[in-house]
Amino acid sequence: MHIVVCAKQIPDPETPPSAFRIDAASNKVVPAQGIAPVLSQFDGIAAEAALRIKEANAGSKVTVISLGADSAAAAIKQVLAMGADEGVLLNDPAFEDGDSYTTAKTLAAAIKKLGDVDAVFCGRQAADWDMGQVGLLIAEELGWPVSIIAKGVTSGGAGLQVQRVLEDGYENVETPLPAVVTVSNEFGEPRYPKLPQIMAAAKKTVTQWKTEDLGLSAGEVGKAGSRLKLETLSLPPKGGAVELMPGDTPAEQAAALVAKLRADKIL
Amino acid sequence: MPDTTTAPPTPKQGRVAAWWGPAVGLSGLGFYAATTVPEGAAGRQIFFNVAQPWAVYVFLAALIGLMVYGFVHHARLWGLGRPTPGILSEIPHRFRNAMRLGLVQEKVRRDRYAGIMHWCIFSSIVVLTFVTAQVAVEGDTPIKFLHGTYYLIFSFYGDLFGLIGLVGVAMAINRRYFQDFHRIRWDEKIEDSLIIVGLGLVLISGFFVEAARILVTELTQHPDWAPWSFVAYVIAQGLTGFHMSEPTVLSIHVWSWWFHIASAFSWLALIVFTRLDHLFFAPINAFFLRTDSPGRLTKIEDIEQQEIFGVGYVQDFTWKQLFELDACVRCGRCTEVCPANIAGQPLSPMHLIQDLKMHLADVGPDLQTHRHQFGDAGREVAGMAMVGDVIKDETLWACRTCGACMQECPVMIEHVPTIVDMRRFLVMNEARIPATAQAALENLEVRGHPWRGTSLERTTWMDGLEEVPIFDGSQEYLYWVGCSGSLVERNLPVTKAVFRLLRESGASFGVLGQEETCNGDPARRLGNEYLYQILAQQLVETFKAKNVQRVITNCPHCFNTFKNEYPQFDGHFEVLHHTEFLDGALKKGTLKATFPIAADVTYHDSCYLGRYNDQYDAPRQIIEMVPGANLVEMQRNFSKGLCCGAGGGNMWQEEVGERRVNHVRAEEAVRTGASQVISNCPFCIQMFEDGVPAVHPEEEGRMRPFDVAELLEASVFGPK
Amino acid sequence: MPRNILVVGELAGGQPSSTTLELLSGAAGLAEGGTVSVTLLGTGATAAAAGCAGATTAYANDDAGYDTFNGERWLTALTAACDQASPDVILIGQTTAGREIGPRLAHRRGSAVAMDCTSIVAEGGAIKAQRPAYGGNALATYAFATSPAVATVRAKSWDAVPGAAPSSTVALPGAGESRTNVTGKEQVVAEGLQLQDAKVVISGGRGLGSAEAFSVVEDLAAAIGKDKAAVGASRAAVDLGWYPPSQQVGLTGKVVTPDVYFAVAISGASQHMAGCSGSKVIVAINRDADANIFGFAKYGIVGDYKTVVPAIIEELKK
């Protein structure tokens, strides 16, 4: 089985709030000093899910694809170190500042170019924009079935068995191949790469594809092809200053709090 | 543990241990003097009443043969290990270690009762071996000296050390069979009884041989000589009460003699088969003991060229590591002081060493055969995995790398590097890591610090302070704040306190601010040597580029790493822990602790400042210079201090077992009745912040943890 | 400018879900004279359509084949509804179904979706969707280059208002084929009140120190009333195994919008705040006065939860 893992490099979600800045002119997050971008957490988990299926099915292959700038090669290397076989970086200035739609369209074009893909695994959402739609849109672009927010994926018979997370529990879904699956954090932590694999990954070359390699035109990718336009990106308004409960003892503070909540008629 | 970190001196025991030395020396002098004394003076017939004295040499030959066999057998197993770099460097230092730790037995004395017992037995065996050798020389060589005054002295000290040996045996029997001493029971074998009872029989039978001889010879012929052999004399006197005929006594004599000789050689043969082999292995292992700092873990050279990382198979150990497995005497001292074991967690250093020893004995011969046939020891030969089956993962993760085991080990086994070597295999080769530790390692790799999820920046602590100077190479000191000092809320006040005190002292210093990154210590202790080397190399380069010469650290872990481990990366800096600098500033008078802090405080020695770097005094002296502060020591302190529980990467692990180590240690601190527990380490403080409320749930009157710098800050600057 | 709005409704216990009603109320504000229609699928849909206050037309089908959400089956029906209603705006709840329907329906209609919006407004004739991004650290506003504008909307973004029942109900086709099949379901029922339904949510974090310490939090919930208060946990506490994942509040857990949210020993990481910032009042109880949570809280107590929480329980008894 050939599984493609889509991996995105994002600004570190654990950037301390005090170091989080937005450049209002470009509507972009200013990279915090000394804080390197990271592989989106859910994509690492998707890679883990793909690798487990690879290990359970001899002769399988995992390819990791990322759409991003040069630095995104680090995210690809990280998944290669976990055990993926090949890496493709979709790297073209024309791809920049796209929306979920153009991202999915570009990734789907790359998956078509690979040709023999049986399944695409994505994280349930990228931990920067938290939209959670690229996996679904890839499925729509390719015309494949899709199962989202998986906490478990196994292969067997003619397809995949996916355990999905619902609001009130889990459901088991059977899907034929080829298919798209998005994986959630309930799946479990991604593996820690073994050193021999880290070194092997460091030696691997990452294929780079541009717009024309994918048979696309500059007008239909990146910002130009976007359907959703980001108008403003701003810091959320801070809540009003906290009112600390007066009192020297916990009892006094508790009394003040309960009085406030009762006065506000919310308790 | 080596040179720098032995127990505080206890002079009385020192004298006791030194007694046997003069005894041997004096007898040597006597030997020389006696050869000049004319015959006819006091003396005796060697091999009196024994028809086949040459049998002794048959026994001796057999014993030597056995010993050679035993040694070759062991040596072939040790030979499976990798080379041990630097093992023959600094020979004089190593000889000193062998004398100090092997012969003078400084470590053995850390348990007073065992120290006395062991000295009695040890000195008795040494002196009596010498006594026996003199008898052999007198009897079977032309040199004749056992007569006259020296014979009398010889008789006296022979009996004296026989008696001392019996006292030792009695103490051992008492501890083992009457006191039911706890750690003796942890891994008891039949051989233990054989050794003790056997030695008792050898000594007692020796006295009977002597008593029987005295009864029929000296007692009647030279009654003034007899009392010199004072033990045998007393026994002989007692035997006179039985009114035995001379042939009966002679018969008792000859049977005792044979029994004595047979039992003595049998006992000596135990050296080959039992832990009695420590007689040789302990001093040899003391000779092999590392001569550099115990705070330094070995560097894997050319790590990218290795085919296996760390130690996963018995043949991956160095031969020294395999050798020391055989030195273990199962005394249990390591396990007794192990924080994991104290908290009921799955690690006993003694059993770890014993399990490895058994595993070596199990698979060693097959590995040898494989190596003989195919040129390498073969990873598939062993039927079970050493790391995982023989030594469980959770055992390796429970280690705090606190070094208490190594500190106590009387035969100088170095457990911590062995454990870390196996962790290296787990992490780098197998990627088997507890999830939370993995998160810390990933965080180190991605974010350059182990504190996943912190909402602080490296400069947050500077808020509210006046201009904080950034280090630019012109200042004398780099003040190294560290990840914990800047990214963990609780430690910010400590960082600020050190900063204010440094500034007040007039020191010329700067900080790196955003440019600080982890120096790699947690990665190394957690077993990711590769990540450690990357981080260390980067930082050494940064330091060099910035012309750093002197560093003051907030944290004893950073301190140890810079001081002891960065030289492995050609990073040579003068490193001070903040307590050392502040102690010096107080003594020089550039800082003055003026405001009284009226409080009973207790002091917790961090492992990496105390045991690993022998710095017990500077923090205590600071406390003593704070007016009003009254230092109340915990029972476990100085080199016997108990780890807070965070070491060895356990800050980022969930503890498995009955209790949490920090709860145990917090209990010990609370028991002093002090109102503050003072430490010098950001990890210790966090562990106390968590542990004290757990063991003392009421907020009222609860002890509070502080850093030495926080205490001093309050005394220098007064109440905030 | 009149707009036709289509609300993708969901059923809860045979009635339109509370989110559906909220969306309808929001749709009324955006329609500006256009039509508001609603779709309902599954057993009892036609009857429930009467409860869709504010919609003029309901598209419904009672086929039990819709009861268990299946993306492909629903998409076929929703595409049929769109063909008839020709909406300019499609509003969907940010639910299990909405997460899947939003992008797929938008794509099939040749347009785009803004996910997990907290506010949708018509501004200068155009629809603007606002949503948190970067784990709540930023607020993003989007416009749509294509039509229809599709948005999934977070619960409680609007208040449900009463209104007239739909005047007509149009039947949608019955459930058709799907390539994916649900073969089983495992219900994880949280005891008592569901987090999302609770008026008061009390969450514990890593600062509690142990799984046992959650009993203090549960005591407070009990003191407020088991019918009003539910207990949640931060991701840190869940990751440590102190509390079940079903009770996790945050970006990847439950998003709750109670009247009062007690954050006990929670530092206030942005990914946690994304799950509770819609609460009317946040009360922070933390030992550390500098904790991030105090930046979001209305009321705060700096102190040890071990003494503060029991004191609140005592006070509530008075």
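Every value quoted in this text rests on a predicted model; they were computed, and no experiment measured them.

Asks: Go over the overall build of chain A, please, and point to the residues and values.
Replies: Summing up its helical and strand segments, chain A has seven helices and 15 strands in all. The C-alpha extent of chain A, read off along each of the three principal axes, is 70 × 45 × 40 Å. Classification of the 267 residues of chain A by burial places 54% in the buried group. Partitioning the intrachain contacts of chain A with sequence separation of at least 6 by distance along the chain shows that 71% fall at a separation of at least 24.

Asks: Give a detailed account of the packing of helix α5 (residues 214-224) of chain C against helix α8 (residues 305-317) of chain C, specifying residues and quantitative values.
Replies: Residue and element names in this part refer to chain C. It is at 10 Å that the axes of α5 and α8 come closest, and there the two elements cross at 15°. Our classification of the angle between α5 and α8 gives roughly parallel. Crossing hand, α5 versus α8: left-handed. Across the interface between the two elements, Val216, Asp219, Leu220, Ala223 and Ile224 of α5 pack against Tyr305, Lys306, Val309, Ile312, Ile313, Leu316 and Lys317 of α8.

Asks: Residue-level account of the interface of chain C and chain A, with values.
Replies: Often, the extent of an interface is quoted as the loss of accessible area on bringing the components together. Contact with chain C, which involves 70 residues of that partner, is made by 63 residues of chain A. Take the side of chain C that touches chain A: its biggest share by element is eight residues, from helix α4 (residues 96-108) of chain C. Split by residue class, the side of chain C that touches chain A holds 33 nonpolar, 23 polar and 14 charged. As paired elements, strand β15 (residues 243-244) of chain A and strand β18 (residues 299-302) of chain C share two bridges and run parallel to each other. By the bridge assignment, leucine 244 of chain A is partnered in β18 of chain C with glycine 300 of chain C.

Asks: Explain the environment of aspartate 140 of chain B residue by residue, including any values.
Replies: Assignment of secondary structure puts aspartate 140 of chain B in helix α5 (residues 112-140). Each C-alpha atom of the pair aspartate 140 of chain B and arginine 94 of chain B lies 37 Å from the other, and the pair is 46 residues apart in sequence.

Asks: Would you mind going over the domain arrangement of chain B in detail, with residue names and values included?
Replies: All names here are of chain B. The domain architecture assigned to chain B consists of domain 1 (11-287), domain 2 (310-430) and domain 3 (433-720). Computed over C-alpha atoms, the centres of domain 2 and domain 3 are 31 Å apart. In this complex, domain 2 contributes 25 residues to the contact, which on the side of domain 3 involves 28 residues. Every element with two or more residues in the side of domain 2 that touches domain 3 is listed here: α14 (339-342), α16 (393-397), α17 (404-408) and α18 (415-430). The dominant element in the side of domain 2 that touches domain 3, judged by the number of residues it contributes, is α18, at six residues. Grouping the constituent residues of the side of domain 2 that touches domain 3 by class yields 15 nonpolar, six polar and four charged.

Asks: Would you mind going over unusual backbone geometry in detail, with residue names and values included?
Replies: For the bond running from leucine 177 of chain A to proline 178 of chain A, omega is -5°, close enough to zero to count as cis. Counting through the fold element by element, proline 178 of chain A comes out in the loop between β11 (169-176) and β12 (179-183). Residue proline 148 of chain C is bonded to the preceding serine 147 of chain C through a cis peptide linkage, with omega at 0°. On the secondary structure map, proline 148 of chain C appears in the loop between β10 (138-144) and β11 (149-153). At lysine 156 of chain C, a position not held by glycine, the phi torsion is positive, near 65°. The residue lysine 156 of chain C is located in the loop between β11 and β12 (168-171) in this model. Given 19 C-beta atoms within 10 Å, lysine 156 of chain C falls into the partly exposed group. We note that alanine 265 of chain C has phi near 55°; this positive angle belongs to a residue other than glycine. As for its position among the elements, alanine 265 of chain C is in the loop between β16 (260-264) and α7 (270-273).

Asks: Quick one: what's the story with the sheet that holds strand β5 (residues 57-61) of chain C, residue by residue and with numbers?
Replies: Residue and element names in this part refer to chain C. Ordered by their spatial adjacency, seven strands build an open sheet running β7-β11-β6-β1-β4-β5-β12, and the pairing between neighbours is parallel. This sheet does not close on itself; its edge strands, each paired only once, are β7 (112-117) and β12. Averaged over all adjacent pairs, the angle separating strand axes in this sheet is 20°, with direction ignored. Bridge count for strand β4 (residues 36-41) against β5 is five bridges, and the pairing is parallel. Bridge pairing links leucine 41 to asparagine 61 in β5.

Criteria and thresholds
Residues numbered from 1 in each chain as written. Chains lettered and ligands numbered in written order. Predicted model: local features only at pLDDT ≥ 70, side-chain atom pairs only at ≥ 80, totals over all residues. Helix = DSSP H or I, 4+ residues; strand = E, 2+ residues; numbered from the N terminus. Buried ≥ 20, exposed ≤ 12 C-beta atoms within 10 Å, placed from the backbone. Contact = placed C-beta atoms within 7 Å. Axes fitted to C-alpha atoms, helices over the stretch in contact; angles between N-to-C directions. Parallel < 35°, antiparallel > 145°, perpendicular 65-115°, else oblique. Left-handed = near helix turned anticlockwise from the far one by under 90°. Nonpolar A, V, L, I, M, F, W, Y, C, P; charged D, E, K, R; others polar. Pairing = 2+ DSSP bridges. Domains from an automatic or database assignment.

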